[in-house]
Amino acid sequence: MVKKEINNELEYIEKVRKINEGKNLKYYILTMGCQLNENDSEKISGMIEQMGYTLSDDIMDSDLVIYNTCCVRENAEEKLFGKLGEVKKLKEARGTIIAIGGCMMQEKHIVDKIKKSYKYDIIFGTHTLHNFPKDLYNAIIENKKITDILDIDGEIIEGLPIKRNDSIRASVTIMNGCNNFCTYCIVPYVRGRERSRDPEDIIQEVKSLAEQGYKEITLLGQNVNSYMRVEREKGICNTKINSFAKLLRAVNEIEGIEKIRFISPHPKDFTDDVIEAIRDCSKVSKFIHLPLQSGNTRVLKAMNRVYTKDEYLKLVDKMKNMIPEIKFSTDIIVGFPGETDEEFEDTLDVVNKVKFEQIFMFIYSRRLGTPADKMEEQVPENIKHIRFDKLKNLYEELVVENNKEYINTIQKILVEGYSKTNANLLTGRTDTNKVVVFEGKSDLIGKIEDVEIISEHKWYLKGKLI
């Protein structure tokens, strides 16, 4: 565990705060991508607000604009460049500071394009987020463009301020980076190799969240169930909590936390001790995200997923046998290079067999710098969309089928607040992440209540308090 405590870097928070004192400055932040990016944005916001800025949802009324980018999908680039084009006039009109960070800033061709074609003040990478106060100070004082990017794997940074976006549910990063090198994925190149946080730091963060009244925790990482694996292999793991299974059990013991979720795991790392921990820990969700990506063994090999269709299905069966109430969500990529119609049918077959509660579906998009980008037999876009629609239709059929199983059951619901579509109804989620709406009073928000499901409406369930 290569860990760094923040000290000198954060002295710049006070320097910027003094510069901004009495100016009533506002900031706008746009987060693109996964929950890890969202967690990073909470840390960015925590630093920014300590520097004297207040959050605004109006970009045109902002003195500081931050784009926290993602590079997993091709349209993310188009979205960023579109946003940078729009904000050009804002910068010219009021001198707004433009900062761009996140995964996309670890790609040289993207940074080169921004420097050549767009207005900006600060570019920072995934490994230099903690330097943002210093970068902002230098951009203000020196009135020059700052580029702060590290190509090497970054250290685990502890002690950053954080502004949570929710008062009931919170995410906690347990590790950074990835060692899997799936051929379609850019993450190992922009987030670096696997580095696990010290379990004591994780436990302390979760305890602090419990003391603040948080009820649900999501443990985050590119591959959470390989937590501490690299450190064990290197012989630098000097802690009793030296695996993901042991971490789950430790977090499960923390008073005040009612629900524990985690994303994203890898099927190859679902060892028996992890499955047993999920089974034994009462707070750990029995709704597991188990990324499939493809149901065809040849395609899986081309993706470097290191499991076969049969091995995936056997893992599902093992988990169902050990945890009868378990349910699954998944990720699926449609139209990977070389995928045939017959191979795509294998994916549909797995979907039919597992009956996923939730599917995150993606049309394959080429990512410069990945092996898949160089593969021949790229699938035509129209074929990708035909397959995507076929998968989507099957999934929607399964949603209705799965929903019917909830009717007349009693579900424990963490009440999140009032429904965004009906201010008279409270809303929460089942353990399987299905939205439930029901009548109730505001004093139930933040509590776990028994709710009987009385009807299903495809994308949500309706219930009544017991």
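Structure: see above.
Quick caveat: nothing in here was measured; it's all calculated off a predicted structure.

**Regarding a positive patch on the surface**
Then comes step 1: A grouping of K88, K89, K119 and K145 is seen on the molecular surface, where their side chains present a positively charged patch.
Then comes step 2: Along the chain, the position of K89 falls in helix α3 (residues 74-94).

**Some points on the layout of surface pockets**
The gaps of empty space that remain are located by a probe, the size of a water molecule, rolled over the atoms.
Then comes step 1: For the second largest pocket, the calculated volume is near 660 Å³.
Then comes step 2: Every residue lining the second largest pocket is counted, 30 residues in all, and those nearest its centre are K43, I157, E158, L160 and R197.
Then comes step 3: At the level of elements, α2 (35-50), β8 (156-158), β9 (169-173) and α7 (199-211) are the ones that each hand at least two residues to the lining of the second largest pocket.
Then comes step 4: Per element, the largest residue contribution to the lining of the second largest pocket is 5 residues, and it comes from α7.

**Thoughts on the packing of aromatic side chains**
Then comes step 1: Enumeration according to the criterion identifies 9 aromatic pairs in this entry.
Then comes step 2: Ring plane angle 80° and centroid distance 5.1 Å describe the contact between F244 and F262, whose orientation is recorded as edge-to-face. One end of the pair, F244, is in helix α9 (residues 244-252); the other, F262, is in strand β13 (residues 259-263), with 18 residues separating them in the sequence. Side by side, F244 and F262 carry an identical accessibility label, which is buried.
Then comes step 3: Ring geometry for Y395 and W459: centres 6.1 Å apart, planes at 45°, overall tilted. With a gap of 64 residues between them, Y395 in helix α14 (residues 381-404) and W459 in the loop between β20 (448-456) and β21 (461-465) connect regions that are remote in the sequence.
Then comes step 4: Looking at Y395, the relative accessible area reads 8%, which means it is buried.
Then comes step 5: Exposure remark for W459: the relative accessible area of 49% places this residue in the partly exposed category.
Then comes step 6: Taken together, the aromatic side chains of Y184, F336 and Y364 make up a single cluster linked through ring pairs.
Then comes step 7: Geometry around Y12 places K15 over its ring, the cationic atom sitting 4.4 Å from the centre.
Then comes step 8: Directly above the ring of Y137 sits K15, whose terminal nitrogen or CZ lies 5.4 Å from the centroid.

**Quick notes on α9**
Then comes step 1: Residues F244, A245, L247, L248, V251 and N252 constitute the buried set of α9. End-on, the buried residues of α9 take up no more than an arc of 160°, which puts them together on one face.
Then comes step 2: Where the residues of α9 are buried, they touch α7, β12 (216-220), β13 and α10 (272-280).

**Observations regarding empty space enclosed by the protein**
Then comes step 1: In this structure the tally under the stated criterion is 1 cavity of 30 Å³ or more.
Then comes step 2: In terms of lining residues, the largest cavity is bounded by D40, I44, N68, G102, F124, G125, T126 and L129.

**Points about the pattern of salt bridges**
Pairs can form between side chains of opposite charge whenever their charged atoms are close.
Then comes step 1: Applying the stated rule across the entire model yields 42 salt bridges.
Then comes step 2: With a closest N to O distance of 3.2 Å, E216 and R261 form a salt bridge. Note that E216 is positioned in strand β12 and R261 in strand β13, a separation of 45 residues in sequence.
Then comes step 3: When its relative accessible area of 13% is taken as the criterion, R261 is described as buried.
Then comes step 4: The residue K353 makes a salt bridge to D349 at a minimum N-O spacing of 2.7 Å. In this pair, K353 and D349 are both assigned in helix α13 (residues 341-354), 4 residues apart and thus about one turn of the helix distant.
Then comes step 5: Here the salt bridges do not stand alone but share partners, grouping E42, E158, R164, R197 and E205 into one network.

**Details of unusual backbone geometry**
Then comes step 1: Here I263 and S264 are connected by a cis peptide whose omega angle stands at -15°.
Then comes step 2: Take S264: it is sitting in the loop between β13 and α10.
Then comes step 3: Phi at N143 is positive, roughly 50°, even though this residue is not glycine.
Then comes step 4: Position of N143 among the secondary structure elements: in the loop between α5 (132-142) and β7 (146-148).
Then comes step 5: Here N143 falls in the exposed class, since its relative accessible area comes to 68%.
Then comes step 6: Unusually for a residue other than glycine, M228 sits at a positive phi of about 70°.
Then comes step 7: A relative accessible area of 0% places M228 in the buried class.

**Examining the packing of α9 against α10**
Then comes step 1: Contact pair α9 / α10: the axes reach a minimum separation of 8 Å and the direction vectors enclose 15°. What the angle tells us is that α9 and α10 run roughly parallel. You can see that α9 and α10 cross each other, and the crossing is left-handed. For the pair α9 and α10, the contacting residues are F244, A245, L248 and R249 in the first and D273, V274, E276, A277, I278 and D280 in the second.
Then comes step 2: Residues of the contact of α9 with α10, tallied by class, amount to 6 nonpolar, no polar and 4 charged.

Conventions adopted
Residues numbered from 1 in each chain as written. Predicted model: local features only at pLDDT ≥ 70, side-chain atom pairs only at ≥ 80, totals over all residues. Heavy atoms only, no water. Patch = residues over 30% accessible without salt bridge, like charges linked within 9 Å, V, L, I, M, F, W, Y side chains within 5 Å. Areas by Shrake-Rupley, 256 points an atom, 1.4 Å probe, with all protein chains shown as cover. Salt bridge = Lys/Arg side-chain N within 4 Å of Asp/Glu carboxyl O. Lys, Arg positive; Asp, Glu negative; His and termini not counted. Charge placed at Lys NZ, Arg CZ, Asp CG, Glu CD. Helix = DSSP H or I, 4+ residues; strand = E, 2+ residues; numbered from the N terminus. 1 Å grid on protein atoms, 1.4 Å probe; cavity = no way out; pocket = protein on both sides within 12 Å on 5 of 7 lines; lining within 4 Å. Points joined across faces, edges and corners; volume = space filled by probe spheres on them. Phe/Tyr/Trp six-rings, centres within 6.5 Å; stacked < 30°, edge-to-face > 60°. Buried < 20%, exposed > 50% of the residue type's maximum accessible area, 1.4 Å probe, protein only. Lys NZ or Arg CZ within 6 Å of the ring centre and 35° of its normal. Arc of directions from axis to C-beta. Contact = heavy atoms within 4.5 Å. Axes fitted to C-alpha atoms, helices over the stretch in contact; angles between N-to-C directions. Parallel < 35°, antiparallel > 145°, perpendicular 65-115°, else oblique. Left-handed = near helix turned anticlockwise from the far one by under 90°. Nonpolar A, V, L, I, M, F, W, Y, C, P; charged D, E, K, R; others polar.

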